Amino acid sequence: MSDVTYQKFVKRWEEVTDIPPQTFGPLTGVYKQLTKRLKVMPWPWFVIAGIGFVLMLYVLIGSAITMLTTILQNSF
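Residues numbered from 1 in each chain as written. Predicted model: local features only at pLDDT ≥ 70, side-chain atom pairs only at ≥ 80, totals over all residues. Heavy atoms only, no water.

Caption draft 1: Layout of the overall build of the chain. Summing up its helical and strand segments, the chain has 4 helices and 0 strands in all. Listing the helices and strands of the chain from first to last along the sequence gives α-α-α-α. Expected size for 76 residues packed as a compact globule is a radius of gyration near 11 Å; at 24 Å, the chain overshoots this value by more than 25%. On the principal axes, the C-alpha backbone points of the chain span a range of 75 × 35 × 20 Å. Per-residue burial for the chain yields a buried fraction of 4% across its 76 residues. Distance between charge centres in the chain, computed from 7 positive and 4 negative side chains, equals 14 Å. (Helix = DSSP H or I, 4+ residues; strand = E, 2+ residues; numbered from the N terminus. Rg over C-alpha atoms; globule rule 2.2 N^0.38 Å. Buried < 20%, exposed > 50% of the residue type's maximum accessible area, 1.4 Å probe, protein only. Lys, Arg positive; Asp, Glu negative; His and termini not counted. Charge placed at Lys NZ, Arg CZ, Asp CG, Glu CD.)

This is how it looks when you write it as structure tokens:
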């Protein structure tokens, strides 16, 4: 009887812990390509995103970015 209970437990455990792969509809392929690269070596992508963000801020607010940086540095 203990073996039957254990088998039921194992079956239920497998049902609970089995997670299907994540899908995003037609964007699933793009998602998998991006996450594959990010999981292996994310730091270059972080640097590129940071530089892009700074350039975007510079385009949006111009030289006022130095004032924003000064305010943020003084607040910490």
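Caption draft 2: Structural detail: helix α3 (residues 43-61). With 19 residues, α3 extends 27 Å from end C-alpha to end C-alpha; this agrees with the ideal 27 Å at 1.5 Å per step. Downstream of α3 by a residue or two, Gly 62 has a phi angle that is positive, lying close to 65°. (Expected span 1.5 Å × (residues − 1).)

Caption draft 3: Structural detail: the packing of aromatic side chains. As enumerated under the stated definition, the model contains 3 aromatic pairs in all. Seen in terms of ring centroids, Trp 43 and Phe 46 are 5.3 Å apart; in terms of plane orientation they differ by 85°. Their pairing is edge-to-face. On the criterion of helical spacing, the pair formed by Trp 43 and Phe 46 is a turn pair, its members being 3 residues apart in helix α3. According to the relative accessible area criterion, Phe 46 is partly exposed, its value standing at 47%. (Phe/Tyr/Trp six-rings, centres within 6.5 Å; stacked < 30°, edge-to-face > 60°.)

Caption draft 4: Region of interest: the pattern of salt bridges. If you walk through the whole model with that rule in mind, you get 1 salt bridge. A salt bridge links Glu 15 to Arg 12; its shortest N-O distance comes to 3.1 Å. Remark: Arg 12 and Glu 15 occur in helix α1 (residues 2-17); sequence separation between them is 3 residues, near one turn of the helix. We classify Glu 15 as partly exposed; its relative accessible area is 46%. Here Arg 12 falls in the exposed class, since its relative accessible area comes to 51%. (Salt bridge = Lys/Arg side-chain N within 4 Å of Asp/Glu carboxyl O.)

All quantities given are derived from atomic positions and should not be read as evidence of function.
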